[in-house]
Amino acid sequence: MNRTSIFLQLLVVAALGCGKKTTSFHHCANDSECAANQVCFPDGCGNLAQGLRVEIIPNAREALYAQDFVVGTLANKQDFTLAGASTIQGALQQLIDGQVGTAYPRSVSIQALGESTLIPGVVRSFELGAARATYVLPVATGTYSLLANATEEPLPPIQLDTRVIVSMGEAARADVLFPSSTSLSRIDGHLFIEGLPPTADRSMLVQAFDPNTQRPLSQRAAVDPCGAGCPRLGQFQLQVAPSTSRLVVRASPVNSDAIVPRKSFPISLPTGPVILELGAFGSAVAVTGTLRTSSGDPLPGATVYLEEEVTGGGSFRTQTGVSSSTGSFSLTALLTAVGRSATLWAFPPPESACGILSAPVPVIGPGDLGAFFCKAKVQVHGLVHLPNGADAVGIQVTAQPISSTPGYPLPSNLVRGVTDSTGMYTLYLDPAVYRLDFVPGGTRPRTSRFVTILGELADSGFKPVEVESISLSNGRRLTGTLYFAANAGTNSPVAAVASIRFFRLSTDAIAPASVLLAETVSDQAGTYSVILPAR
């Protein structure tokens, strides 16, 4: 390793950035910091089998979704026995005169939202488009909230009060009971746009929500547009459960491209006919601007939009634009409310050294908003070594944002890099908490660490950050075969081309509850091979 070369590189970086800041991983950096039988994991030192979880997806095309396993004692050969399909199923019924009536005969959509029970943080979502009288929804194992929506009449959505736990190969029971149509509370009202009913090119929808949980309390309802003579004057009707007392009605345009604001109206029940008014928010205006780097060069390829509060109390977000090769952009906006400013958001492309830009701008009419200069991202660099201390050359490094830091939005892009001939990597990051993943391939395991990049301001952006060096772990090859249980109902005794992911539960308070250690796919014989970290 050429230490002099590395030292000179760091000196140059420091000079360019007016000094550098050194930051450490949340816990350990290298296996050498741990006991002889432990490995340095993202949440600290520990044994490999401690908190080890495995997710296996046998065949999603055949509705055989993820099944999860706890691995207590890890051998070099680890076989898994898979069950058949896991489902949520039940009856769809409706109250009639206060009593449970016959099966509900009309179409119902079912949505299950949840996460793995054994691997927290692994989110899962499944949906069934149309069911009548009964339903069967194939899902992965996990714990779910269930939402049922009648699609042929305006009954309120039903969200089950209890969460549904689904085990491998089992059918969890969850019946749905709709209220009787005659028991519902009805909200009749009129919606006006600048004092007039909405026209066909400004078609509007309304929907009721719980003011605390934001859970939908009604289906979406169309507002009658202004036709010939406007005979119905923008009428709408919502139906909510009889126990509802407080709610928020949100009005939004049918067409997301419409230059019409969105607005929320608090309502207490019971109430007579309600009048909802979007206010005089005025006509659309065309605005332009220019994005530049901190050095004054054009910033092309950035996603740009405005968020604003408009006259009348509604909120409006423009359609997104993309800056041109000269850094210019154009947007169609509404005038901001008196005493308020719109927020201009610009998200540079992932390869750009520019950070996320947020700037207050008043939209008082058509015209040019001016030039906006983005600050440079934090230049983050560090060294990667092999277990024997040699430079780790050509290692893929990715930075996945996992939570925001005070004063900065959460970035949305995964940033990639590769270590150079000295084992050094350089990434350009917005301030945030990141999971750094080092993926060497071959016989070396994936290595991950959590690091917080706060960002220390400098003249043209942020001071560079040097992350403490890391040493990769030795690899341990784990093999095995994926078998189907005899009662799984499959045509094959083994799971071919199944996805397998190994996770470790994390104890880091501000990081995801589980961290991916390795992933692979089984072959046609159902066998797999994966590299896990070891001492």
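Keep in mind that what you see is a predicted model, and the values were worked out from it rather than measured. Here the residue numbers are simple positions, counted from 1 along each chain's written sequence. Given that this is a predicted model, residues contribute local features only at a pLDDT of at least 70 and side-chain atom pairs are listed and counted only at 80 or more, while totals for whole chains, interfaces and linings are drawn from all residues. No hydrogens and no water enter the side-chain calculation; it runs on all heavy atoms of the structure.

A. Looking closely at the overall build of the protein. The helix and strand labels rest on DSSP assignments: H or I over at least four residues marks a helix, E over at least two residues marks a strand, and numbering proceeds from the N terminus. In terms of regular secondary structure, the protein is built from 1 helix and 43 strands. When the backbone C-alpha atoms are referred to their principal axes, the protein occupies close to 85 × 70 × 35 Å. The accessible surface values rely on the Shrake-Rupley method and a 1.4 Å probe; as for residues, cover is taken only from the protein chains in view. Approximately 24200 Å² of the protein is accessible, and the part contributed by carbon and sulfur atoms is 52%. The charge count treats Lys and Arg as positive and Asp and Glu as negative. His and the chain ends do not count. One atom stands in for each charge, and that atom is NZ of Lys, CZ of Arg, CG of Asp or CD of Glu. Computed over 36 positive and 39 negative side-chain charges, the inter-centroid distance for the protein is 3 Å.

B. Up close: the packing of aromatic side chains. A pair of aromatic rings is counted whenever rings of Phe, Tyr or Trp (Trp by its six-membered ring) have centres within 6.5 Å, and the orientation is called stacked for planes under 30 degrees apart, edge-to-face for over 60 and tilted otherwise. According to the stated counting rule, one finds 11 aromatic pairs in the structure shown. Here the aromatic residues F69, F80, F502 and Y528 are joined through ring pairs into a cluster of three or more. Throughout this description, the term charge over a ring refers to an Arg CZ or Lys NZ atom that lies within 6 Å of the ring centre and within 35 degrees of the ring normal. Of note, R317 hangs over the ring of Y305, and the distance from its end group to the ring centre comes to 3.7 Å. Between R504 and the ring centre of F41, over which it is positioned, the NZ or CZ distance is 4.0 Å.

C. Up close: the pattern of salt bridges. We define a salt bridge as a contact between a side-chain nitrogen of Lys or Arg and a carboxyl oxygen of Asp or Glu at a distance within 4 Å. Here the structure, examined in full by the defined rule, presents 13 salt bridges. Notably, a salt bridge pairs R504 with D43, separated by 3.2 Å at the nearest N-O pair. With R504 in strand β41 (residues 499-505) and D43 in the loop between β2 (39-41) and β3 (44-46), the pair connects residues that are 461 residues apart, well separated along the chain. Accessibility classification places R504 together with D43 in one group, the buried group. As a salt-bridge pair, E309 and R340 come within 3.7 Å of each other at their nearest N and O atoms. With E309 in strand β25 (residues 303-309) and R340 in the loop between β28 (328-333) and β29 (342-347), this residue pair connects regions lying 31 residues apart in the sequence. Salt bridges here are not isolated pairs; linked through shared partners, they connect E55, D68, R124 and R501. Exposed residues in this analysis have more than 50% of their type's maximum accessible area, buried residues have under 20%, and partly exposed residues fall in between, with area computed by a 1.4 Å probe over protein chains only.

D. Local environment of the side chain of S352. Among the structural elements, S352 can be located in the loop between β29 and β30 (357-361). Owing to a relative accessible area of 12%, S352 belongs among the buried residues under this scheme. By definition in these notes, contact holds between two residues if any of their heavy atoms fall within 4.5 Å. In contact with S352, other than residues within four places in its own chain, are L299 and K377.

E. Structural view of the sheet that holds strand β21 (residues 246-253). Only strands joined by at least two bridges in the DSSP assignment are considered to pair. Strand order in the open sheet formed by 4 strands is β19-β18-β21-β22, and the pairing between neighbours is antiparallel. Strands with a single pairing partner mark the edges of an open sheet, and in this sheet they are β19 (221-222) and β22 (263-268). One ladder, built from 6 bridges, connects strand β18 (residues 204-209) with β21; its direction is antiparallel. Paired with A208 across the two strands is V249, which belongs to β21.

F. A look at the sheet that holds strand β23 (residues 274-277). With respect to topology, 3 strands assemble into an open sheet ordered β20-β17-β23, the strand pairing being mixed. Among the strands making up the open sheet, the edge pair consists of β20 (235-240) and β23. The average angle at which neighbouring strand axes cross in this sheet is 35 degrees, direction not considered. Every axis corresponds to a line fitted to the C-alpha atoms, with the helix fit spanning only the stretch in contact, and the corresponding angles, defined between N-to-C directions, vary from 0 to 180 degrees.

G. Highlighting empty space enclosed by the protein. Cavities and pockets were defined on a 1 Å grid built over protein atoms only: a cavity is a set of grid points that admits a 1.4 Å probe from which the probe cannot escape, a pocket is an open set flanked by protein on both sides within 12 Å along at least five of seven lines, and lining residues are those with an atom within 4 Å of any such point. Grid points are joined across faces, edges and corners, and a volume is the space filled by probe spheres set on the points. Enumeration according to the criterion identifies 2 cavities of 30 Å³ or more in this entry. The computed volume of the largest cavity comes to approximately 120 Å³. In terms of lining, the largest cavity is formed by 14 residues, of which the most central are I356, K377, P411, N413 and D430. A per-class count over the lining of the largest cavity returns 10 nonpolar, 2 polar and 2 charged. Roughly 60 Å³ of internal volume is contained in the second largest cavity. Contributions of two or more residues to the lining of the second largest cavity are made by β2, β37 (447-453) and β42 (514-521). Here the element with the most residues in the lining of the second largest cavity is β37; it accounts for 3 residues. Basically, the charged four are Asp, Glu, Lys and Arg, the nonpolar ten are Ala, Val, Leu, Ile, Met, Phe, Trp, Tyr, Cys and Pro, and anything else, Gly included, counts as polar.

H. Unusual backbone geometry, seen in detail. Here the amide bond leading from L269 into P270 is cis, since omega sits at 0 degrees, within 30 degrees of zero. By secondary structure assignment, the location of P270 is in the loop between β22 and β23. For E194, which is not glycine, the phi dihedral falls at a positive 55 degrees. With respect to the helices and strands, the residue E194 is situated in the loop between β17 (185-192) and β18. A residue is classified by how much of its surface remains accessible, and E194, at 32% relative accessible area, is partly exposed. Although it is not a glycine, V497 adopts a positive phi angle of roughly 50 degrees. Mapped onto the secondary structure, V497 falls in the loop between β40 (474-484) and β41.

I. Representation of the confidence of the model for the protein. For every residue, the predictor reports its confidence as pLDDT, a number between 0 and 100. For the protein, the average pLDDT comes to 90, and 95% of its residues sit at 70 or higher. Confidence, read as mean pLDDT per element, is least for helix α1 (residues 3-16) in the protein (38) and greatest for strand β6 (residues 80-82) (98). Throughout residues 1-18 the model reports pLDDT below 50, and contacts reaching past four residues in sequence, or to other chains, amount to 26 contacts.

J. Highlighting the nonpolar core. Among the nonpolar cores identified, the biggest contains 28 residues, and I88, I110, Y135 and F178 are the most heavily contacted of them. Among the elements of the structure, β7 (86-96), β9 (108-115), β10 (123-131), β11 (134-139), β12 (142-150), β14 (164-166) and β16 (176-178) are those that each provide at least two residues to this core. When near neighbours in sequence (up to four residues on either side) are disregarded, I88 contacts A112, Y135, V136, L137, V139, Y144, L146, V164, V166, A172 and A174. Take the buried residues of types Ala, Val, Leu, Ile, Met, Phe, Trp, Tyr and Cys, join any two whose side-chain atoms come within 4.5 Å, and each joined set is a nonpolar core. Ranked by size, the runner-up nonpolar core spans 27 residues in total, among them V223, F236, V240 and F281.

K. View of the pairing of strand β24 (residues 285-292). Bridging between β24 and β28 involves 6 bridges; their strand directions are antiparallel. The residue bridging T290 from the neighbouring strand is S328, located in β28. Relative to strand β31 (residues 367-373), β24 is paired through 5 bridges, and the arrangement is parallel. Among the inter-strand pairings, V287 is bridged to a residue of β31, identified as G367.

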